[in-house]
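# Fold and contact review
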Amino acid sequence: MNISGIQKLTLLDYPGKVACTLFTAGCNFRCPFCHNAGLVLPDRLEEASITEDEVMSFLKKRAGMLDGVAITGGEPLLHTDMPEFLEKIKNLGYKIKLDTNGSNPKLLKEIVNAGLVDRVAMDIKNAPTEYDKTAGCSVDMEKIEESKDFLLTGTCDYEFRTTVVKGIHTKESIVAAAKWISGAKEYYLQQFKDSGNLIAPDAFEPFDENEMHELADAVRPFVPTVEVRGV
């Protein structure tokens, strides 16, 4: 397991929980607006900065103070030893939220069906026809579709979310994305933030607060529970 960082306390990454966030290194997508380039690009990746033993020691000390662990990346499901890692965390009594781009439905189903995660947040990059452009690479949409459909069954708690960027997304593409996940329990539109560490620093711009709320209003006919984040 390549763990590149830990945020020791978050009230945002795991809704309703006092949690910490673990960052895994590596991703199979190259979204140009990604704000974690240091976790994605091979030439910027470093060796694991935190060992698994250090993570477990931290979690043991925080038992009773933290409710949950959010695992993000990068793309966590690139790590084939993820089930064993999750089991160790579960054995300490923590709730687990996992972030994923949906490109590994086989492993996603395995860990959900084994009860190793309590909530999944899946990125919906854009309308299906815009995925390659948005992800910055060729995407196997059958796998994305399989992950999306699996979460829609409600086997575990989940959310869908889209980081919205001017020049990448339009009102029409966001509406098409919402139609694609019609019936979803929760859909979050996240305002783009320039971290200064983007994969392709092309001066991407965020939609302003009013525009974000207009987008949310446009998709509510398809996903009634829509919220805006980051404004």
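Note: the structure precedes this text.
Quick summary incoming for the structure in this document. Along each chain, numbering runs from 1 in the same order as the chain's sequence is written. Local features in this predicted model are restricted to residues whose pLDDT is 70 or higher, and side-chain atom pairs enter the listing and the counts only when it is 80 or higher, whereas totals over whole chains, interfaces and linings include all residues. Only heavy atoms go into the side-chain values, all of them from the structure, while hydrogens and water stay out.

Only runs of H or I of at least four residues qualify as helices and only runs of E of at least two qualify as strands under DSSP, and these elements are numbered from the N terminus. Helix and strand counts for the chain stand at eight helices and eight strands. Considering only C-alpha atoms, the chain reaches an extent of 45 × 40 × 30 Å along its principal axes. For the chain, the residues scored as buried account for 50% of the 231 residues in total. Contacts: residue pairs with any heavy atoms within 4.5 Å of one another. The contacts in the chain between residues at least 6 apart in sequence include a share of 72% that link residues at least 24 apart. Throughout, the Shrake-Rupley method with a 1.4 Å probe supplies accessible areas, and for residues the shown protein chains are the sole cover considered. When the accessible surface of the chain is summed, it comes to about 10,500 Å², and 49% of that surface belongs to carbon and sulfur atoms. For the chain, the centre of its 26 positive side-chain charges and the centre of its 36 negative side-chain charges are spaced 4 Å apart. Partly exposed residues are those whose accessible area sits between 20% and 50% of the maximum for their type, while under 20% is buried and over 50% is exposed, using a 1.4 Å probe and protein chains only. Think of it this way: Lys and Arg go in the positive column, Asp and Glu in the negative one, and His and the chain ends go nowhere. Lysine's charge is taken at NZ, arginine's at CZ, aspartate's at CG and glutamate's at CD.

What follows covers the pattern of salt bridges. A carboxyl oxygen of Asp or Glu within 4 Å of a side-chain nitrogen of Lys or Arg is what we treat as a salt bridge. Applying the stated rule across the entire model yields 19 salt bridges. Across the pair D123 and R161 runs a salt bridge whose closest N-O atoms are separated by 2.7 Å. Here D123, found in strand β5 (residues 119-123), pairs with R161, found in strand β6 (residues 157-164); they are 38 residues apart in sequence, far enough to count as distant. For D123, a relative accessible area of 17% translates into the label buried. On the accessibility criterion, R161 (11% relative accessible area) is buried. The closest approach of N and O atoms between K185 and D157, which form a salt bridge, is 2.8 Å. Here K185 is found in the loop between α7 (171-180) and β7 (187-191), whereas its partner D157 is found in strand β6, with 28 residues between them in sequence. On the accessibility criterion, K185 (34% relative accessible area) is partly exposed.

Quick look at the pairing of β7 now. Most of β7 is tucked away, with five of its five residues classed as buried. Side-chain alternation along β7 places Y187, L189 and Q191 on one buried face and Y188 and Q190 on a second face that is also buried. Pairing of β7 with strand β8 (residues 226-229) involves four bridges; the strand directions are parallel. Across the sheet, residue L189 finds its bridge partner in β8, namely V228. For two strands to be treated as a pair, DSSP must find at least two bridges joining them.

The strand order β1-β2-β3-β4-β5-β6-β7-β8 describes an open sheet built from eight strands, whose pairing is mixed. Single-partner strands in this sheet number two, and they are β1 (3-10) and β8. Adjacent strand axes in the sheet meet at a mean angle of 20 degrees, parallel and antiparallel pairs treated alike. Against the sheet, helix α2 (residues 52-61) touches β1, β2 (19-24) and β3 (68-72), its axis set at about 10 degrees to β1. Simply put, an axis is a line fit to the C-alpha atoms, just over the touching stretch for a helix, and the angle between two N-to-C directions goes from 0 to 180 degrees.

What follows deals with the packing of helix α4 (residues 105-113) against helix α6 (residues 141-152). Closest axis-to-axis distance for the α4/α6 pair is 9 Å, and the angle between their directions is 20 degrees. The orientation of α4 relative to α6 falls into the category roughly parallel. Along its contact with α4, which presents P105, L108, K109, V112 and N113, the element α6 presents K143, E146, S147, F150 and L151. Note on residue categories: nonpolar means Ala, Val, Leu, Ile, Met, Phe, Trp, Tyr, Cys or Pro, charged means Asp, Glu, Lys or Arg, and polar means any other residue, Gly included. Here the residues of the contact of α4 with α6 sort into five nonpolar, two polar and three charged. Note that the term roughly parallel is reserved for angles under 35 degrees, roughly antiparallel for angles over 145, roughly perpendicular for angles of 65 to 115, and oblique for everything else.

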